[in-house]
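Descriptive analysis of the structure
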Amino acid sequence: MAQSSHERIQDIPCRTNVVSPIIEQQNQRRKSFTTRQNIRDVCGLIFIPGMIGILTIAIAIVQLHIASRQRQQDLTIAEANRLNSLMIANYTREQDLLIANTLRWDTIFAGYVDDISSIIDGSNFSFDTSDYFMSSIIRAKTMTAGRQLDTIRKTYLIQFLYELKAILSHHNPIDLTGLELNNIDLSMSILTSKQGSSLAGLSLTGVSLIKSSFIARELTDANFTGSNLQGANFRYASLHNVSFRMSIFPKAYSIFGAILPNKTFGIHSNLLKNGNAEEASVCIDGQVQSIDHGDWNITPSDSIGVTIINKTVAELAAQRWLQFHYKHASISQLIDIPKQYHETTTTTSTSYSWFISLFCGIFQNQANISITLNELNSQNQTLSIHNFVLPYQGNWLGYRSYNENSTYALFKLEFYNLNFINTNSSTLNNQTYDDAIAFCDNIHLSLELSSVVLSVMSIRML
């Protein structure tokens, strides 16, 4: 049935109501998209400037750091240049001062030589005769010049006075008491002839000779009475009949290789206690007595003793080695190394070596003699072992390098009986040997400067 126009109009709102939810959803989607787009746009507008700002700050920090480092480098360079300029200025000033002092010292010494020469020539003065007035004048000029001169020219002054025969013992020497002559160097090469190295009769009494050097000098009949010789070096010097009365001499730097006043060979003090058999309280010819002196440890206990070998010298001798089951005997001593050696070597470049000397003899080729020297630290741990074999009779010298970390040393002298090799072990217990078959005496162990020991040993081997 046909509808009227009014009814058709009423149907339109109904269709609109049906479609409206879809349109609203679409509108909401558009709004949501627009909102997200706006947020992205806003974020984009904020992010880019923010990044630019952060990068700007980072670049500024880096530039500030570079500028700070550059400033520090500039300050370092400036300080280095300042120190370099200061060092150059100091060096230049020192050189100028040295040149000025050298000229002054030369002038003083030349004037002194001229004055003394004029005095001697003008008055016919001779040091062979006693003239108190002239000697007093020369003494006054010498003391005045000596106080103004450096070490080198003081050496020239002493050499000049010696050649002038003004400081000869027993020839009215000039009194130089109180003169400071520390560090003067009057040393010579050990290859120089005896005549060329002679300072025989030199008289330096009452003077200060601290750390002075007289290496390889011929000083026979010299007089150092009352002088301070602490640290003085008399290496290889001949000191026969030299007077050291009231002098500070025991602390001399080195007397190794020197010929001492008693004509003995100069070496430092023995680190072994009682290395000479002559110190035994009992020593009987033809009998071997127990050792009752020193810190010697004997193994076996009755294998080594003291006896008289040649009626004049008591020797340390080994005896009865094959009694029961002995095939060798030993005598040893533990040494506490003085601190001056292991403390000095750790703080300076000073190098020391062990020096060993002794006199030994073997009867009828029945024995071998050897030495073992063990270096120990403060925990008694072995640091190194030095072995020596004594292949011949008579005086023997040996040396080995010293380990600066060692604080103790174990010295052992061992005797091996060669008869043991040729003896049937089944009859060993029935054999006794009462006669001494080897001996050693004058056993010396010391620490010496390595350079000195090497020089002495190399000369001995020539």
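Residues numbered from 1 in each chain as written. Predicted model: local features only at pLDDT ≥ 70, side-chain atom pairs only at ≥ 80, totals over all residues. Heavy atoms only, no water.

Together, Phe47, Ile48, Met51, Ile52 and Ile54 make up a nonpolar patch on the protein surface, roughly 510 Å² of accessible area in all. Topologically, Met51 is positioned in helix α1 (residues 5–123). (Patch = residues over 30% accessible without salt bridge, like charges linked within 9 Å, V, L, I, M, F, W, Y side chains within 5 Å. Areas by Shrake-Rupley, 256 points an atom, 1.4 Å probe, with all protein chains shown as cover. Salt bridge = Lys/Arg side-chain N within 4 Å of Asp/Glu carboxyl O. Helix = DSSP H or I, 4+ residues; strand = E, 2+ residues; numbered from the N terminus.)

Another point: unusual backbone geometry. At the junction of Thr299 and Pro300, the peptide bond is cis and its omega measures out at -15 degrees in the coordinates. Note that Pro300 resides in the loop between β1 (297–299) and β2 (304–308). A positive phi is found at His170, a non-glycine position, where the angle reads about 65 degrees. The exposure class of His170 is exposed, given its relative accessible area of 77%. The backbone phi angle of Lys211 is positive, close to 60 degrees, even though this residue is not glycine. (Buried < 20%, exposed > 50% of the residue type's maximum accessible area, 1.4 Å probe, protein only.)

With that settled, consider the sheet that holds β1. Pairing is antiparallel in the open sheet, where 5 strands are placed in the order β1-β4-β9-β6-β7. Every interior strand has two partners, whereas the edge strands, β1 and β7 (382–390), have only one. Neighbour to neighbour, the strand axes of the sheet diverge by 15 degrees on average, direction disregarded. Of the strand pairs in this sheet, strand β6 (residues 367–376) and strand β9 (residues 408–417) are connected by 10 bridges, and their pairing is antiparallel. Opposite Leu376, over in β9, you have Tyr408 as the bridge partner. (Pairing = 2+ DSSP bridges. Axes fitted to C-alpha atoms, helices over the stretch in contact; angles between N-to-C directions.)

The next point concerns the pairing of strand β5 (residues 352–362). Counting buried residues in β5 gives 10 out of 11 residues, a clear majority hidden from the surface. Two elements, β5 and strand β10 (residues 438–449), share 10 bridges in a ladder whose sense is antiparallel. Looking across to β10, one finds that Cys360 is bridged to Cys440.

Running from N to C, helix α2 (residues 132–148) and helix α3 (residues 151–163) point in directions that differ by 155 degrees, and their axes come no closer than 10 Å. In terms of axis orientation, α2 runs roughly antiparallel to α3. For the pair formed by α2 and α3, the contact residues are Thr142, Ala145 and Gly146 on the first element and Lys154, Leu157 and Leu161 on the second. Its residues assigned to classes, the contact of α2 with α3 comprises 3 nonpolar, 2 polar and 1 charged. (Parallel < 35°, antiparallel > 145°, perpendicular 65-115°, else oblique. Contact = heavy atoms within 4.5 Å. Nonpolar A, V, L, I, M, F, W, Y, C, P; charged D, E, K, R; others polar.)

A separate point is α3. Helix length check: α3 (13 residues) gives 19 Å between terminal C-alpha atoms against 18 Å at 1.5 Å per residue, within 8%. All of the buried residues in α3 are Arg153, Lys154, Thr155, Leu157, Ile158, Phe160, Leu161 and Tyr162. (Expected span 1.5 Å × (residues − 1).)

The next subject is the pattern of salt bridges. A side chain of one charge can pair with a side chain of the opposite charge when the charged atoms of the two come close. What the rule picks out here adds up to 5 salt bridges. Between Lys154 and Glu180 there is a salt bridge, with its nearest N and O atoms 3.1 Å apart. Pair noted here: Lys154 is in helix α3 and Glu180 is in the loop between α3 and β1, with a separation of 26 residues, a long-range link. The buried category is assigned to Lys154, whose relative accessible area is 7%. On the accessibility criterion, Glu180 (36% relative accessible area) is partly exposed. Linked through salt bridges whose partners overlap, the residues forming this network are Asp106, Asp150 and Arg153.

Right, let's get into α2. With 17 residues, α2 should reach 24 Å at 1.5 Å per residue; the first-to-last C-alpha distance of 25 Å fits that figure. Among the residues of α2, Met134, Ile138, Thr142, Met143, Ala145 and Gly146 are the ones counted as buried. The opening residue of α2, the one whose side-chain oxygen lies 3.3 Å from the backbone nitrogen of Phe133, is Asp131. (Polar contact = N/O pair within 3.5 Å; in protein donor to acceptor, adjacent residues only side chain to side chain.)

To continue, consider the packing of aromatic side chains. Two aromatic rings are characterised by how far apart their centres lie and by the angle between their planes. This model, assessed by the stated rule, comprises 12 aromatic pairs. Ring centres 5.8 Å apart and planes at 80 degrees place the aromatic pair Phe224 and Phe234 in the edge-to-face group. Taken together, the residues Phe224 in the loop between α3 and β1 and Phe234 in the loop between α3 and β1 connect sequence positions 10 residues apart. Accessibility expressed as a relative area gives 0% for Phe234, which makes it buried. (Phe/Tyr/Trp six-rings, centres within 6.5 Å; stacked < 30°, edge-to-face > 60°.)

Disulfide: a covalent bond connecting the sulfur atoms of a pair of cysteines. Scanning the model with the defined rule gives 0 disulfides in all. Left without a disulfide partner, Cys440 is nearest to the cysteine sulfur of Cys360, which lies 4.8 Å away. (Disulfide = S-S within 2.5 Å.)

Just geometry here; none of it tells us what the structure is for.
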